[in-house]
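# Reading the structure
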Amino acid sequence: MKRVQLPRTTMEASILCLGTAGFGDTVGPDEAERLMDAFGDAGGNLIDAAGAYAHRATDTPGEGERMIGRWLAKRGDRDKWLLAAKCCRPAEWIAQDLEATLERLQTDVIDLYFVHWDNRTQPVEQVIDTLNAQVRRGLIRHFGFANWTAPRVKEAGIYAVKSGQEGFVGGQTMWSLAEADPSFVDPALVAMDEELYTLFRDGGIAAFPYASSAGGFFSKLADGIPFESLDPDKRKMYGSDFNMRRAERVEMLARQSGTPVTSIVLGYLLAQPFTVVPVLGCRTVGQLLDNVRAAETKLTPDQTAYLLLDA
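Everything quoted here is computed from the prediction, not taken from an experiment.

What counts as what
Residues numbered from 1 in each chain as written. Predicted model: local features only at pLDDT ≥ 70, side-chain atom pairs only at ≥ 80, totals over all residues. Heavy atoms only, no water. Buried < 20%, exposed > 50% of the residue type's maximum accessible area, 1.4 Å probe, protein only. Helix = DSSP H or I, 4+ residues; strand = E, 2+ residues; numbered from the N terminus. Right-handed = clockwise from strand over helix to strand, strands pointing away. Pairing = 2+ DSSP bridges. 1 Å grid on protein atoms, 1.4 Å probe; cavity = no way out; pocket = protein on both sides within 12 Å on 5 of 7 lines; lining within 4 Å. Points joined across faces, edges and corners; volume = space filled by probe spheres on them. Nonpolar A, V, L, I, M, F, W, Y, C, P; charged D, E, K, R; others polar. Salt bridge = Lys/Arg side-chain N within 4 Å of Asp/Glu carboxyl O. Expected span 1.5 Å × (residues − 1). Contact = heavy atoms within 4.5 Å.

## Here we look at the pairing of strand β6 (residues 110-115)
Counting buried positions along β6 yields six of six residues, so the element is predominantly enclosed. Each parallel crossover has a hand, and for strand β5 (residues 82-87) linked through helix α3 (residues 94-105) to β6 it is right-handed. Bridge count between β6 and strand β7 (residues 140-146): five bridges; the pairing is parallel. In the strand pairing of β7, Tyr 113 is matched with Phe 143.

In structure tokens, the structure reads:
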């Protein structure tokens, strides 16, 4: 798997990130280890974790992080991996949540720490100051945002520059070839929009999109699954006329080029004019390897324009 240097850092990350939201929920300990082993064998080195994952499926907070920590301890090769983690509460909880995450992951430092939930009434100065304090303590190397709006990201960036401190080096947002209907998106989540896209493109910030395959929306339609049989939430979120027209173009391009639909959907993200590292939400090794193979696809500018209904 190819690697890319993350902007504003010296870190080289695989072009795909292994998401672990299902660890401790839909993915048990044995399958989790198989997934991480397979990801490493394929050249992957970036794992995304959060203490809040699987909180609905277990009475033990952070069980997914514990799975990763036990696996890393067993392998004894922490230095070969980049660990991304998150604080899922307001800034005053960062220090406490970070220390708990470090303990669960059995590591001394987090390579990329995301502020996962934005309390928009909280001054960005407090967030940036708190994160930089953790950098100075040597507990995190760099930090980013997740589910922040473009105005808040801009405001934080301006303050970081004025105060001579580190700013965000990356951001997680809901983004795929399928455009999500905002009225059906969890209000705690933020989907890619034109203003955020411009920030990523022009601001030297890496994008780490989650829901990067839209829950298999295009693949399922291409496989002949009737739209009415799709998950009701996916139908509401992605079932616009615009996305249905885009699905027709995905299938047409797949037939013309002999490229699997999964490769086209992932290739769209990897063809952007800035650093994009899609976060994969796989439950089986087979799904993971399909995505690894798909990441080898490189779409041309004409193909990308065709998918965007611009051609």
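## Focus on empty space enclosed by the protein
The tally for this structure, following the rule as stated, stands at one cavity of 30 Å³ or more. Estimated volume of the largest cavity: approximately 40 Å³. As for the largest cavity, its lining consists of Gly 215, Gly 216, Phe 217, Lys 220, Leu 230, Asp 231 and Lys 234. Among the residues forming the lining of the largest cavity, the class breakdown is two nonpolar, two polar and three charged.

## A few points about the pattern of salt bridges
Counted by the stated rule, this structure contains 17 salt bridges. Linking Glu 31 and Arg 34 is a salt bridge whose minimum nitrogen-to-oxygen distance equals 2.9 Å. One end of the pair, Glu 31, and the other, Arg 34, are both in helix α1 (residues 29-41), three residues apart, so they sit about a helical turn from each other. Judged by relative accessible area, Glu 31 falls into the buried class, the value being 18%. Measuring nitrogen to oxygen at the nearest pair gives 3.9 Å for the salt bridge that ties Arg 66 to Glu 63. A residue pair is termed a helical-turn pair when its members lie 3 or 4 positions apart in one helix, as Arg 66 and Glu 63 do in helix α2 (residues 63-75) at three residues. A relative accessible area of 18% means that Glu 63 is categorised as buried.

## Focus on helix α9 (residues 241-257)
With 17 residues, α9 should cover 24 Å at 1.5 Å per step; its first-to-last C-alpha distance of 24 Å lies within 8% of that length. Tucked into the core, α9 has its buried residues touching α7 (217-222), α8 (232-238), α10 (261-270) and α12 (301-307). Positioned one or two residues after α9, Gly 258 has a phi angle of 70°, which is positive.

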